[in-house]
Amino acid sequence: MLIKSKIIFVMIILLSFQNCQTSVQAESEIFIHFNQLGFLPNDVKTAIVLSYQKLDGKQIFIFNSKNRQKAFTGYLTNNRGQYGSFPFTYIIDFSTLKETGEYFFQFDQQRSFTFRMGENIFNGLADSLLQFFKIQRCGYTDPFMHRVCHISDATSIIDGNKVNDRRVDVTGGWHDAGDYIKSLNTTAYATYMLLFSYEFDPIKFGFDNNKNGAPDILEEAKIGLDWMLRAYIDKNKFITLVQDMRDHDVGWRMPEDDPLGFDRPAFVGMGKNLIGIYSATMALAYRIWRDKFQYPEFANQCLTAAQDVYSIRNIAADVDSSGTGVYLDKSFEGKMALGAVELFISTNKQSFLNDAVTYADSADSDYWWSWGDINSLAHYRLAKFIPRFAVYISKNLEEFNKKKNDNLFGNGVSLSWGTNVTLLGVTLQNILYKKLTNDSKYDSVSVFSRDFILGRNAWGISFVYGFGKNYSKNFHHQISFLKGKLPGGFAAGPASKELVEKSKIPYDKPDHYAKFQTKESYYRDDRQDYITNEPTITGNATAMFVFGNLSGRK
């Protein structure tokens, strides 16, 4: 026993020494963070260097990984100052490198991950992001990675303070995020974005991976449309939310094993905000099912629903406040403008265009992007008929462009809950603006926002599961945790440390990214972190539009 104890003691000393050595070596490292997928040939191309030591005047190289030829030589100059625990930071601009190929950075003996240059580097990303919707499917919708679930939605109706034992069929649709709640507001936004993506570019979004003759993105949108039609239960009532906050209190389980599976109330409500996004989605669906599928019965059902809902706008509250306090809009004008302009495009009735103009001017620029801040969609649609509406989008982009100079990573917005969706919203709005004007002056903030998602961030992590060499894996998502994977998972992204700490999250694991954390920017790849690491259908819908448009499909 004594000999064994001595051996253990010696091993502990050796391990402690090794750990100390590792720490010393880590302090001498530099960290090169960049878009791990790569770049389009004509992109603005930059990488961020974080260092514990001053590197002014030092050289950094980019090599072609195939022939080992030096492709770029850069000098580390203009220290950007401290970032968190790193006293020295630098930006490498290698935009002059345009040749297709695979590359890596080298600094002294340190090599980076490889990255690619080419027109097709984003191919497959939108396809994967769409897979997430199949995982989120609920009811009898042929879900992926789990069995049929929640077949009794809804078991009662909550209308204000009244609980009614009335049962309504709101089976189907998608679980909103890592939980098993379903929301009309987010379902409508996600469905609209799937339809809008296809109409925006039917070639890039026309992929049919299951080879059944219908674009995959439209098949998925039909899941949302069917549920939305069920959710319109009375002339003045939507089902706005299925399940209450008890969903968060029963532990981690597969959806088919949900102990609350036969106890799922639904909340009802109505507001101009919901009328706007609902009628916009249904009016757009009408055109696609009429023209693409030549299916007039379903097309007309969608248009009738859009017009019926729109017709009650003047007796509805401005903003719906039903449910449990989640997904409540601050305003309604942008969504009403979108509903009106989509109805105008579908019916050619001047009254809808007049309404759209009034609502869109009232909405103004929102200087943001989220499921609740989508004014630029209405402004884009209207700018096709009245060009001055493009100015509202440019005002957003101008503000983002100014703000990018205030921080190391070129973020055009402050970090908040759902940061990654907002950042991709910057890129999305630039895509819309360029489509209208062919103006590239906001490309840098657009690319910085995109690259942040794929690795050009403090942690050097890609926030999309399976894309990049180092990516988010431990999502706040029940199926992901229980199955050990999440195809198409897209993390919500960093927030301020104060916001995260207020939630007192009981983390599963130590923080492997501790050295990169700051008060302003905090992220944990931990399944318990529902603020920075939860995927959502709205996040994936936004990301799909962006990365689908950046793909090389022709």
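Criteria and thresholds
- Residues numbered from 1 in each chain as written.
- Predicted model: local features only at pLDDT ≥ 70, side-chain atom pairs only at ≥ 80, totals over all residues.
- Heavy atoms only, no water.
- Buried < 20%, exposed > 50% of the residue type's maximum accessible area, 1.4 Å probe, protein only.
- Helix = DSSP H or I, 4+ residues; strand = E, 2+ residues; numbered from the N terminus.
- Pairing = 2+ DSSP bridges.
- Salt bridge = Lys/Arg side-chain N within 4 Å of Asp/Glu carboxyl O.
- Axes fitted to C-alpha atoms, helices over the stretch in contact; angles between N-to-C directions.
- Parallel < 35°, antiparallel > 145°, perpendicular 65-115°, else oblique.
- Left-handed = near helix turned anticlockwise from the far one by under 90°.
- Contact = heavy atoms within 4.5 Å.
- Nonpolar A, V, L, I, M, F, W, Y, C, P; charged D, E, K, R; others polar.
- Polar contact = N/O pair within 3.5 Å; in protein donor to acceptor, adjacent residues only side chain to side chain.
- pLDDT = per-residue confidence, 0-100.
- Core = buried A, V, L, I, M, F, W, Y, C linked by side-chain atoms within 4.5 Å.
- Expected span 1.5 Å × (residues − 1).
- Patch = residues over 30% accessible without salt bridge, like charges linked within 9 Å, V, L, I, M, F, W, Y side chains within 5 Å.
- Areas by Shrake-Rupley, 256 points an atom, 1.4 Å probe, with all protein chains shown as cover.

1. Some details on the pairing of strand E3 (residues 46-51)
Successive residues of a regular strand alternate their side chains across the two faces of the sheet.
Consideration 1: Within E3, 6 of the 6 residues are buried, which leaves it mostly tucked inside the rest of the structure.
Consideration 2: Where burial is concerned, the two faces of E3 agree: the one with Thr46, Ile48 and Leu50 and the one with Ala47, Val49 and Ser51 are both buried.
Consideration 3: In this sheet, E3 lies alongside strand E1 (residues 30-33) in antiparallel orientation, the contact comprising 4 bridges. Bridge pairing in E3 places Ile32 opposite Val49.
Consideration 4: Sheet topology note: the E3/strand E6 (residues 88-93) ladder contains 6 bridges and is antiparallel. Note that in E6 the partner of Leu50 across the bridge is Thr89.

2. Observations regarding the pattern of salt bridges
Consideration 1: A complete count under the given rule lists 34 salt bridges for this structure.
Consideration 2: Among the salt bridges present, the one from Arg230 reaches Asp169, with a minimum N-O distance of 3.7 Å. Here Arg230 is found in helix H4 (residues 216-231), whereas its partner Asp169 is found in the loop between strand E10 (162-164) and strand E11 (182-183), with 61 residues between them in sequence.
Consideration 3: Judged by relative accessible area, which is 34%, Arg230 ranks as partly exposed.

3. Details of the sheet that holds strand E2 (residues 38-39)
Consideration 1: Sheet architecture is open: 5 strands sit in the order E2-E8-E7-E4-E5, paired in mixed fashion. Edge positions in the sheet fall to E2 and strand E5 (70-75), since each of these pairs with one other strand and no more.
Consideration 2: In the sheet, strand E4 (residues 59-64) pairs with E5 via 5 bridges, with the strands oriented antiparallel. In the sheet register, Phe61 faces E5, and the bridge partner there is Thr73.

4. What about the packing of helix H2 (residues 125-136) against helix H15 (residues 537-550)?
Consideration 1: Between H2 and H15, the least distance of the axes is 8 Å, while the angle of their chain directions is 160°. Regarding the angle of H2 to H15, the classification is roughly antiparallel. As H2 runs across H15, the sense of the crossing is left-handed. Where H2 abuts H15, its residues Leu125, Ala126, Leu129, Leu130, Phe132, Phe133 and Gln136 lie against Ile537, Asn540, Ala541, Ala543, Met544, Phe547 and Gly548.
Consideration 2: Of the residues belonging to the contact of H2 with H15, the class tally is 11 nonpolar, 3 polar and no charged.

5. Looking at the side chain of Ser394
Consideration 1: Counting through the fold element by element, Ser394 comes out in helix H10 (residues 390-403).
Consideration 2: A polar side-chain atom of Ser394 sits 2.8 Å from the main-chain carbonyl oxygen of Val391.
Consideration 3: If near-sequence neighbours (up to four positions away) are discounted, Ser394 is found in contact with Tyr433 and Tyr442.

6. Let's talk about the confidence of the model for the chain
Consideration 1: Counting all residues, the mean pLDDT for the chain is 94, and 95% of those residues have values of 70 or more.
Consideration 2: Under a pLDDT of 50 for its full length, residues 1-27 has, in the predicted model, 3 contacts with residues more than four places off or in other chains.

7. Quick word on the sheet that holds E1
Consideration 1: With respect to topology, 3 strands assemble into an open sheet ordered E1-E3-E6, the strand pairing being antiparallel. Two strands close off the open sheet at either side, each with one partner strand: E1 and E6. For this sheet, the mean angle separating the axes of adjacent strands, direction not counted, is 20°.

8. Section: the nonpolar core
Consideration 1: Of all hydrophobic cores here, the largest spans 145 residues; its most connected members are Phe196, Ile239, Tyr278, Ile453 and Phe547.
Consideration 2: Among the elements that line this core, the one with the most residues is helix H5 (residues 272-291), at 12 residues.
Consideration 3: Those residues in contact with Phe196 that sit more than four places away from it in its chain are Leu284, Leu377, Tyr380, Arg381, Leu432 and Phe545.
Consideration 4: The next biggest cluster of nonpolar side chains, apart from the first, holds 21 residues, and it includes Leu55, Phe88, Ile92 and Tyr103.

9. Notes on helix H3 (residues 184-200)
Consideration 1: The first and last C-alpha atoms of H3 sit 23 Å apart over 17 residues, in line with the 24 Å expected at 1.5 Å per residue.
Consideration 2: The buried fraction of H3 is high, at 16 of 17 residues.
Consideration 3: One side-chain oxygen of the residue at the start of H3 lies 3.4 Å from the amide nitrogen of Asn185, identifying that residue as Ser183.

10. As for a nonpolar patch on the surface
Consideration 1: A contiguous nonpolar surface patch, about 450 Å² in accessible area, is contributed by Tyr140, Val148, Ile151 and Phe262.
Consideration 2: Topologically, Tyr140 is positioned in the loop between H2 and strand E9 (156-159).
Consideration 3: On the accessibility criterion, Tyr140 (61% relative accessible area) is exposed.

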